[in-house]
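Reading the structure
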Amino acid sequence: MINKKVLAIILGGGQGTRLFPLTEKRSKPAVSIAGKYRLVDIPISNCIHCDIKRMFVLTQFNSASLNRHIKNTYAFSIFSDAFVDILAAEQTPDNKTWYQGTADAVRQSMHHLLNHEFEYALILSGDQLYKMDFNEMIHNHINHGADISVATLPVKSKEATEFGILKTDDKNFISSFIEKPDLDTLQGWESEVSEEMKNENRHYLASMGIYVFNRQLLVDILSNPDTIDFGKEIIPQSIDTHKVLAYQYEGYWTDIGNVAAFYEANINLTDDVPQFDLFDNSSSVLTRPRILPPSKISGTLLDKSMIAEGCIINAKEIKRSVIGIRSRIGKNTIIRDSYMIGSNSYESIDQLEKNVKHQIPSFGVGENCLIQNTIIDKDARIGNNVTIVGGEHLSDTEEDTYVIKDGIIVIKSRSVIPDGFKL
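This write-up is about the structure you can find in this document.

Cut-offs used in this document
- Residues numbered from 1 in each chain as written.
- Predicted model: local features only at pLDDT ≥ 70, side-chain atom pairs only at ≥ 80, totals over all residues.
- Heavy atoms only, no water.
- Salt bridge = Lys/Arg side-chain N within 4 Å of Asp/Glu carboxyl O.
- Buried < 20%, exposed > 50% of the residue type's maximum accessible area, 1.4 Å probe, protein only.
- Helix = DSSP H or I, 4+ residues; strand = E, 2+ residues; numbered from the N terminus.
- Core = buried A, V, L, I, M, F, W, Y, C linked by side-chain atoms within 4.5 Å.
- Contact = heavy atoms within 4.5 Å.
- Pairing = 2+ DSSP bridges.
- Disulfide = S-S within 2.5 Å.

The next point concerns the pattern of salt bridges. Under the definition given, this model contains 16 salt bridges. Linking E192 and K198 is a salt bridge whose minimum nitrogen-to-oxygen distance equals 3.0 Å. The class of E192 is exposed, set by a relative accessible area of 55%. A salt bridge links D379 to R414; the nearest nitrogen and oxygen atoms lie 3.5 Å apart. Note that D379 is positioned in the loop between β25 (374-376) and β26 (381-382) and R414 in the loop between β30 (408-411) and β31 (416-417), a separation of 35 residues in sequence. Residue R414 is classed as exposed on the basis of its relative accessible area, which comes to 52%. Taken together, the shared-partner salt bridges connect E192, E195 and K198 into one network.

Structure (C-alpha coordinates):
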(Lines give C-alpha, C1' and ligand atoms only; values in the text may rest on other atoms or scores of the structure.)
Protein backbone atom coordinates (compact mmCIF):
# COMPACT_ATOMS: atom_id res chain seq x y z
CA MET A 1 0.00 0.00 0.00
CA ILE A 2 1.34 3.39 -1.02
CA ASN A 3 0.44 5.10 2.27
CA LYS A 4 2.94 2.80 4.04
CA LYS A 5 5.64 4.54 2.02
CA VAL A 6 4.62 8.04 3.13
CA LEU A 7 5.88 10.08 6.08
CA ALA A 8 3.83 13.16 6.95
CA ILE A 9 5.58 16.30 8.20
CA ILE A 10 3.29 18.96 9.65
CA LEU A 11 4.83 22.43 9.96
CA GLY A 12 3.83 24.22 13.12
CA GLY A 13 4.48 27.67 11.72
CA GLY A 14 6.45 30.55 13.12
CA GLN A 15 5.75 32.77 16.10
CA GLY A 16 2.19 33.38 14.88
CA THR A 17 2.30 37.16 15.37
CA ARG A 18 -0.63 37.73 12.98
CA LEU A 19 -2.78 35.46 15.18
CA PHE A 20 -1.76 37.24 18.39
CA PRO A 21 -3.12 37.20 21.11
CA LEU A 22 -4.46 33.70 20.35
CA THR A 23 -0.83 32.60 20.00
CA GLU A 24 0.42 34.44 23.07
CA LYS A 25 0.57 31.24 25.14
CA ARG A 26 0.21 28.51 22.50
CA SER A 27 1.59 27.63 19.07
CA LYS A 28 -0.54 28.13 15.97
CA PRO A 29 -1.46 24.44 15.57
CA ALA A 30 -2.73 24.41 19.17
CA VAL A 31 -5.25 27.22 18.62
CA SER A 32 -8.85 26.11 19.19
CA ILE A 33 -11.25 25.77 16.24
CA ALA A 34 -15.03 25.12 16.22
CA GLY A 35 -15.25 25.09 19.99
CA LYS A 36 -13.69 21.66 20.61
CA TYR A 37 -10.86 20.98 18.13
CA ARG A 38 -7.33 22.29 17.64
CA LEU A 39 -5.99 23.44 14.27
CA VAL A 40 -3.47 20.59 14.26
CA ASP A 41 -6.40 18.13 14.30
CA ILE A 42 -7.18 19.12 10.70
CA PRO A 43 -4.02 17.83 8.93
CA ILE A 44 -3.76 14.89 11.34
CA SER A 45 -7.37 13.86 10.67
CA ASN A 46 -6.82 14.17 6.92
CA CYS A 47 -3.80 11.89 7.21
CA ILE A 48 -5.56 9.29 9.36
CA HIS A 49 -8.52 9.12 6.96
CA CYS A 50 -5.98 8.41 4.21
CA ASP A 51 -4.36 5.72 6.38
CA ILE A 52 -1.18 7.81 6.64
CA LYS A 53 -0.38 7.23 10.29
CA ARG A 54 3.25 8.23 10.72
CA MET A 55 3.38 11.94 11.42
CA PHE A 56 5.82 14.46 12.82
CA VAL A 57 4.71 17.94 13.95
CA LEU A 58 7.53 20.50 13.79
CA THR A 59 7.25 23.44 16.18
CA GLN A 60 9.38 25.80 18.23
CA PHE A 61 7.11 28.43 19.83
CA ASN A 62 4.90 27.79 22.89
CA SER A 63 4.78 24.05 22.24
CA ALA A 64 3.68 22.87 25.73
CA SER A 65 -0.06 23.10 24.99
CA LEU A 66 0.40 21.37 21.63
CA ASN A 67 2.49 18.61 23.22
CA ARG A 68 -0.17 18.00 25.83
CA HIS A 69 -2.98 17.87 23.28
CA ILE A 70 -1.20 15.42 20.98
CA LYS A 71 -0.12 13.20 23.90
CA ASN A 72 -3.69 13.03 25.22
CA THR A 73 -5.34 12.57 21.82
CA TYR A 74 -3.46 10.35 19.40
CA ALA A 75 -2.83 6.90 20.83
CA PHE A 76 -2.40 4.04 18.38
CA SER A 77 -2.11 0.30 18.87
CA ILE A 78 1.21 -0.84 20.32
CA PHE A 79 1.30 -3.43 17.53
CA SER A 80 1.34 -0.79 14.77
CA ASP A 81 4.04 1.63 13.64
CA ALA A 82 1.61 4.57 13.79
CA PHE A 83 2.58 7.73 15.70
CA VAL A 84 2.14 11.47 15.93
CA ASP A 85 5.31 12.95 17.42
CA ILE A 86 6.35 16.52 18.20
CA LEU A 87 9.76 17.63 16.96
CA ALA A 88 10.48 20.89 18.78
CA ALA A 89 13.40 23.00 17.61
CA GLU A 90 16.56 21.87 19.35
CA GLN A 91 20.12 23.05 19.52
CA THR A 92 22.78 20.47 18.67
CA PRO A 93 26.57 20.54 18.48
CA ASP A 94 26.19 21.01 14.70
CA ASN A 95 23.46 23.62 14.85
CA LYS A 96 22.94 26.47 17.30
CA THR A 97 20.01 28.27 15.61
CA TRP A 98 16.22 28.06 15.75
CA TYR A 99 14.19 27.17 12.66
CA GLN A 100 14.70 29.94 10.11
CA GLY A 101 11.88 28.90 7.73
CA THR A 102 9.77 25.96 6.58
CA ALA A 103 12.57 24.21 4.70
CA ASP A 104 15.08 24.91 7.45
CA ALA A 105 12.73 23.31 9.98
CA VAL A 106 12.65 20.10 7.93
CA ARG A 107 16.44 20.27 7.40
CA GLN A 108 17.14 20.57 11.12
CA SER A 109 14.77 17.65 11.81
CA MET A 110 16.13 15.45 9.02
CA HIS A 111 18.24 13.23 11.28
CA HIS A 112 15.01 12.23 13.07
CA LEU A 113 13.02 11.76 9.86
CA LEU A 114 15.62 9.51 8.27
CA ASN A 115 15.32 7.04 11.13
CA HIS A 116 12.10 5.94 9.42
CA GLU A 117 11.64 4.17 6.12
CA PHE A 118 9.67 6.18 3.56
CA GLU A 119 9.74 6.95 -0.14
CA TYR A 120 7.62 10.09 -0.13
CA ALA A 121 7.48 13.02 2.28
CA LEU A 122 4.09 14.70 2.58
CA ILE A 123 4.68 18.22 3.88
CA LEU A 124 1.65 19.99 5.37
CA SER A 125 0.82 23.22 7.15
CA GLY A 126 -0.53 23.19 10.69
CA ASP A 127 -2.77 26.26 10.29
CA GLN A 128 -5.14 25.52 7.40
CA LEU A 129 -8.78 24.39 7.31
CA TYR A 130 -9.63 21.87 4.58
CA LYS A 131 -10.32 18.21 3.76
CA MET A 132 -8.20 16.49 1.13
CA ASP A 133 -7.57 12.96 -0.12
CA PHE A 134 -3.78 12.87 0.11
CA ASN A 135 -3.68 9.41 -1.44
CA GLU A 136 -5.08 10.85 -4.66
CA MET A 137 -2.38 13.51 -4.69
CA ILE A 138 0.36 10.93 -4.03
CA HIS A 139 -0.93 8.55 -6.73
CA ASN A 140 -1.02 11.48 -9.13
CA HIS A 141 2.59 12.28 -8.16
CA ILE A 142 3.72 8.69 -8.83
CA ASN A 143 1.77 8.24 -12.07
CA HIS A 144 3.31 11.38 -13.57
CA GLY A 145 6.82 10.46 -12.46
CA ALA A 146 7.11 13.74 -10.57
CA ASP A 147 9.97 14.75 -8.31
CA ILE A 148 7.87 17.27 -6.38
CA SER A 149 4.12 17.85 -6.30
CA VAL A 150 2.47 21.09 -5.19
CA ALA A 151 -1.21 21.23 -4.22
CA THR A 152 -2.88 24.20 -5.92
CA LEU A 153 -6.16 26.01 -5.51
CA PRO A 154 -7.89 28.12 -8.22
CA VAL A 155 -8.39 31.66 -6.90
CA LYS A 156 -9.78 34.98 -8.11
CA SER A 157 -7.52 37.86 -9.13
CA LYS A 158 -8.12 39.76 -5.87
CA GLU A 159 -7.07 36.72 -3.82
CA ALA A 160 -4.11 35.90 -6.07
CA THR A 161 -2.09 38.84 -4.73
CA GLU A 162 -1.83 37.03 -1.37
CA PHE A 163 -0.36 33.77 -2.71
CA GLY A 164 2.42 32.27 -4.76
CA ILE A 165 0.88 31.93 -8.25
CA LEU A 166 2.04 29.36 -10.78
CA LYS A 167 1.46 28.36 -14.39
CA THR A 168 1.42 24.83 -15.77
CA ASP A 169 2.04 23.18 -19.13
CA ASP A 170 -0.38 20.81 -20.88
CA LYS A 171 0.74 17.93 -18.59
CA ASN A 172 0.22 19.94 -15.37
CA PHE A 173 3.93 20.37 -14.69
CA ILE A 174 4.74 23.80 -13.31
CA SER A 175 6.49 26.02 -15.83
CA SER A 176 6.69 29.31 -13.93
CA PHE A 177 6.07 30.74 -10.47
CA ILE A 178 5.60 34.22 -9.00
CA GLU A 179 5.29 35.18 -5.34
CA LYS A 180 2.37 37.48 -4.36
CA PRO A 181 2.06 39.40 -7.65
CA ASP A 182 0.23 42.74 -7.80
CA LEU A 183 -2.87 43.07 -9.98
CA ASP A 184 -0.96 44.63 -12.88
CA THR A 185 1.51 41.73 -12.97
CA LEU A 186 -1.24 39.08 -12.94
CA GLN A 187 -2.15 39.50 -16.58
CA GLY A 188 -1.02 36.41 -18.49
CA TRP A 189 -0.79 34.21 -15.40
CA GLU A 190 -4.18 32.55 -15.95
CA SER A 191 -4.16 28.73 -15.97
CA GLU A 192 -6.45 26.03 -17.31
CA VAL A 193 -9.09 25.26 -14.68
CA SER A 194 -12.42 23.44 -14.66
CA GLU A 195 -15.60 25.02 -16.03
CA GLU A 196 -16.94 25.37 -12.50
CA MET A 197 -13.87 27.36 -11.48
CA LYS A 198 -14.09 29.50 -14.63
CA ASN A 199 -17.71 30.32 -13.81
CA GLU A 200 -16.54 31.56 -10.41
CA ASN A 201 -13.77 33.65 -12.06
CA ARG A 202 -11.10 31.57 -10.33
CA HIS A 203 -8.51 31.54 -13.14
CA TYR A 204 -5.25 31.60 -11.16
CA LEU A 205 -3.53 28.65 -9.48
CA ALA A 206 -2.30 29.41 -5.97
CA SER A 207 0.11 27.23 -4.03
CA MET A 208 -1.56 25.81 -0.91
CA GLY A 209 1.71 25.08 0.89
CA ILE A 210 1.12 21.32 0.63
CA TYR A 211 3.92 19.33 -1.01
CA VAL A 212 5.00 15.80 -1.87
CA PHE A 213 8.75 15.19 -2.21
CA ASN A 214 10.60 12.08 -3.25
CA ARG A 215 12.74 11.12 -0.27
CA GLN A 216 16.20 11.33 -1.82
CA LEU A 217 15.42 14.57 -3.61
CA LEU A 218 14.32 16.15 -0.33
CA VAL A 219 17.59 15.08 1.29
CA ASP A 220 19.62 16.42 -1.64
CA ILE A 221 17.81 19.76 -1.83
CA LEU A 222 18.04 20.39 1.89
CA SER A 223 21.77 19.72 1.88
CA ASN A 224 22.09 23.36 0.75
CA PRO A 225 21.86 25.37 3.99
CA ASP A 226 21.21 28.62 2.12
CA THR A 227 17.62 27.71 1.22
CA ILE A 228 15.33 28.15 4.20
CA ASP A 229 11.78 28.26 2.77
CA PHE A 230 9.80 25.92 0.50
CA GLY A 231 7.37 28.41 -1.00
CA LYS A 232 9.73 31.33 -1.57
CA GLU A 233 12.88 29.44 -2.60
CA ILE A 234 12.84 25.67 -3.09
CA ILE A 235 9.70 25.38 -5.24
CA PRO A 236 10.57 28.30 -7.60
CA GLN A 237 14.21 27.17 -7.87
CA SER A 238 13.23 23.56 -8.62
CA ILE A 239 10.96 24.31 -11.58
CA ASP A 240 13.82 24.45 -14.11
CA THR A 241 15.80 21.54 -12.67
CA HIS A 242 13.16 19.00 -11.59
CA LYS A 243 9.74 17.72 -12.56
CA VAL A 244 7.43 19.81 -10.35
CA LEU A 245 3.80 18.78 -10.74
CA ALA A 246 0.68 20.77 -9.87
CA TYR A 247 -2.15 18.88 -8.18
CA GLN A 248 -5.34 20.91 -8.56
CA TYR A 249 -7.70 20.91 -5.59
CA GLU A 250 -11.11 22.57 -5.89
CA GLY A 251 -12.69 22.01 -2.45
CA TYR A 252 -12.92 24.32 0.54
CA TRP A 253 -9.60 25.58 1.87
CA THR A 254 -8.66 28.55 4.01
CA ASP A 255 -5.40 29.67 5.55
CA ILE A 256 -5.87 30.57 9.24
CA GLY A 257 -3.09 33.12 9.05
CA ASN A 258 -4.57 36.08 10.92
CA VAL A 259 -7.32 36.98 13.37
CA ALA A 260 -9.80 37.99 10.65
CA ALA A 261 -9.39 34.67 8.80
CA PHE A 262 -9.66 32.74 12.08
CA TYR A 263 -12.82 34.59 13.07
CA GLU A 264 -14.46 34.17 9.66
CA ALA A 265 -13.60 30.45 9.45
CA ASN A 266 -15.28 29.79 12.80
CA ILE A 267 -18.37 31.94 12.25
CA ASN A 268 -18.91 30.41 8.79
CA LEU A 269 -19.29 27.01 10.47
CA THR A 270 -22.72 28.18 11.68
CA ASP A 271 -24.10 28.43 8.11
CA ASP A 272 -26.96 26.07 7.26
CA VAL A 273 -24.69 24.26 4.82
CA PRO A 274 -21.13 25.29 5.71
CA GLN A 275 -18.35 24.87 3.18
CA PHE A 276 -16.34 22.99 5.80
CA ASP A 277 -18.61 20.14 6.89
CA LEU A 278 -18.06 18.87 10.44
CA PHE A 279 -20.95 16.40 10.08
CA ASP A 280 -19.48 14.20 7.35
CA ASN A 281 -18.91 10.73 8.84
CA SER A 282 -16.47 9.74 6.10
CA SER A 283 -14.06 12.57 6.89
CA SER A 284 -14.79 13.60 10.46
CA VAL A 285 -12.36 15.79 12.36
CA LEU A 286 -10.72 13.75 15.12
CA THR A 287 -9.74 15.22 18.47
CA ARG A 288 -9.28 14.46 22.15
CA PRO A 289 -12.20 12.41 23.57
CA ARG A 290 -13.37 14.29 26.67
CA ILE A 291 -15.67 12.94 29.37
CA LEU A 292 -18.00 15.94 29.63
CA PRO A 293 -21.69 16.20 30.49
CA PRO A 294 -24.21 17.37 27.88
CA SER A 295 -24.69 21.12 27.59
CA LYS A 296 -27.51 22.56 29.71
CA ILE A 297 -29.47 25.44 28.18
CA SER A 298 -32.25 27.39 29.92
CA GLY A 299 -34.48 30.10 28.40
CA THR A 300 -32.14 30.81 25.47
CA LEU A 301 -33.09 31.68 21.90
CA LEU A 302 -30.57 29.83 19.73
CA ASP A 303 -30.20 30.68 16.06
CA LYS A 304 -27.52 29.38 13.66
CA SER A 305 -25.11 28.56 16.46
CA MET A 306 -22.91 25.67 17.53
CA ILE A 307 -22.72 24.63 21.19
CA ALA A 308 -19.94 22.30 22.35
CA GLU A 309 -20.15 19.85 25.26
CA GLY A 310 -20.31 20.69 28.93
CA CYS A 311 -21.78 24.21 28.69
CA ILE A 312 -24.13 25.86 31.20
CA ILE A 313 -26.10 28.51 29.33
CA ASN A 314 -28.80 30.83 30.67
CA ALA A 315 -28.39 33.50 27.99
CA LYS A 316 -31.27 35.42 26.45
CA GLU A 317 -30.01 34.97 22.88
CA ILE A 318 -27.12 33.32 21.04
CA LYS A 319 -27.05 34.04 17.30
CA ARG A 320 -24.52 33.01 14.65
CA SER A 321 -21.93 32.12 17.25
CA VAL A 322 -19.72 29.21 18.28
CA ILE A 323 -19.69 28.35 21.99
CA GLY A 324 -16.77 26.18 23.10
CA ILE A 325 -16.44 23.48 25.75
CA ARG A 326 -17.37 24.22 29.40
CA SER A 327 -18.66 27.71 28.56
CA ARG A 328 -20.81 29.44 31.16
CA ILE A 329 -23.16 32.27 30.10
CA GLY A 330 -25.40 34.18 32.54
CA LYS A 331 -29.04 35.32 32.36
CA ASN A 332 -30.26 38.00 29.92
CA THR A 333 -26.96 37.98 28.04
CA ILE A 334 -26.94 38.35 24.24
CA ILE A 335 -24.11 36.91 22.15
CA ARG A 336 -24.02 37.51 18.39
CA ASP A 337 -21.45 36.79 15.68
CA SER A 338 -18.88 35.69 18.23
CA TYR A 339 -16.61 32.77 19.09
CA MET A 340 -16.35 31.83 22.76
CA ILE A 341 -13.53 29.30 23.04
CA GLY A 342 -14.58 28.04 26.50
CA SER A 343 -12.71 26.90 29.59
CA ASN A 344 -10.17 24.26 30.59
CA SER A 345 -12.01 23.37 33.80
CA TYR A 346 -15.11 24.01 35.89
CA GLU A 347 -15.14 26.10 39.03
CA SER A 348 -16.58 24.37 42.09
CA ILE A 349 -19.63 25.68 43.96
CA ASP A 350 -17.30 26.86 46.74
CA GLN A 351 -15.12 28.72 44.23
CA LEU A 352 -18.16 30.36 42.62
CA GLU A 353 -19.28 31.57 46.05
CA LYS A 354 -15.80 32.95 46.76
CA ASN A 355 -15.90 34.77 43.43
CA VAL A 356 -19.13 36.50 44.45
CA LYS A 357 -17.75 37.35 47.90
CA HIS A 358 -14.56 38.86 46.46
CA GLN A 359 -16.36 40.46 43.48
CA ILE A 360 -14.39 38.44 40.94
CA PRO A 361 -16.19 37.35 37.76
CA SER A 362 -16.37 33.58 37.27
CA PHE A 363 -15.13 31.78 34.14
CA GLY A 364 -17.33 32.69 31.19
CA VAL A 365 -19.75 35.56 30.58
CA GLY A 366 -21.91 37.05 33.32
CA GLU A 367 -25.47 38.37 33.30
CA ASN A 368 -27.01 41.20 31.23
CA CYS A 369 -24.10 41.35 28.79
CA LEU A 370 -23.98 42.14 25.07
CA ILE A 371 -21.14 40.45 23.15
CA GLN A 372 -20.82 40.94 19.39
CA ASN A 373 -18.07 40.51 16.75
CA THR A 374 -15.80 39.16 19.46
CA ILE A 375 -13.50 36.22 20.17
CA ILE A 376 -13.32 35.24 23.85
CA ASP A 377 -10.22 33.15 24.52
CA LYS A 378 -10.05 30.35 27.09
CA ASP A 379 -10.68 30.89 30.80
CA ALA A 380 -11.60 34.55 30.38
CA ARG A 381 -13.77 36.06 33.11
CA ILE A 382 -16.36 38.58 31.96
CA GLY A 383 -18.50 40.23 34.64
CA ASN A 384 -22.12 41.40 34.64
CA ASN A 385 -23.57 44.27 32.58
CA VAL A 386 -20.65 44.21 30.15
CA THR A 387 -20.94 45.50 26.57
CA ILE A 388 -18.30 44.40 24.04
CA VAL A 389 -19.22 45.18 20.43
CA GLY A 390 -16.62 44.92 17.68
CA GLY A 391 -16.87 46.52 14.27
CA GLU A 392 -15.05 48.45 11.57
CA HIS A 393 -15.47 51.65 13.59
CA LEU A 394 -12.79 50.43 16.00
CA SER A 395 -9.10 51.08 15.44
CA ASP A 396 -6.49 48.36 15.92
CA THR A 397 -5.18 48.46 19.47
CA GLU A 398 -3.70 46.29 22.22
CA GLU A 399 -4.56 46.53 25.91
CA ASP A 400 -3.76 44.28 28.88
CA THR A 401 -7.02 42.34 28.59
CA TYR A 402 -7.97 42.63 24.92
CA VAL A 403 -6.75 43.26 21.39
CA ILE A 404 -8.63 44.77 18.44
CA LYS A 405 -7.66 43.68 14.93
CA ASP A 406 -9.65 44.49 11.77
CA GLY A 407 -12.64 45.44 13.91
CA ILE A 408 -12.64 42.09 15.75
CA ILE A 409 -12.21 42.22 19.52
CA VAL A 410 -10.19 39.39 21.07
CA ILE A 411 -10.51 39.00 24.85
CA LYS A 412 -7.23 37.50 25.98
CA SER A 413 -6.96 34.14 27.73
CA ARG A 414 -7.47 34.38 31.52
CA SER A 415 -8.36 38.07 31.29
CA VAL A 416 -10.72 39.57 33.86
CA ILE A 417 -13.29 42.02 32.50
CA PRO A 418 -15.00 43.84 35.40
CA ASP A 419 -18.72 44.51 35.86
CA GLY A 420 -20.06 47.37 33.75
CA PHE A 421 -17.16 47.40 31.27
CA LYS A 422 -18.06 48.90 27.87
CA LEU A 423 -16.15 48.71 24.58
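Next up on the list: the nonpolar core. Within the largest apolar cluster, 69 residues are counted, with the highest numbers of intra-cluster contacts made by M132, F134, I210 and I375. If sequence neighbours within four positions are ignored, M132 has contacts with N46, C50, M137, A151, M208, I210, Y247 and Y249. Residues F83, V106, L166 and Y211 belong to the second largest nonpolar core, which totals 35 residues.

As a general point, the strands of a sheet are linked pairwise by backbone hydrogen bonds and lie either parallel or antiparallel. A sheet is described by the order of its strands in space; here 7 strands give the open sequence β16-β19-β22-β25-β30-β29-β28, paired in mixed fashion. A strand with exactly one partner marks an edge of an open sheet, and here the two such strands are β16 (306-307) and β28 (397-398). Alignment of β28 against strand β29 (residues 402-405), held across 2 bridges, turns out to be antiparallel. Opposite E398, over in β29, you have V403 as the bridge partner.

What follows concerns the state of the cysteines. Considering all chains together, one arrives at 0 disulfides under this definition. The structure places no disulfide on C311, whose sulfur is separated from the nearest cysteine sulfur, that of C369, by 16 Å.

Another point: the environment of S284. Tracing the backbone shows S284 in the loop between α9 (259-268) and β14 (296-297). For S284 and I42, which are 242 residues apart along the polypeptide, the C-alpha to C-alpha distance reads 9.4 Å. Apart from residues no more than four positions distant in its own chain, S284 is found in contact with S45 and H49.

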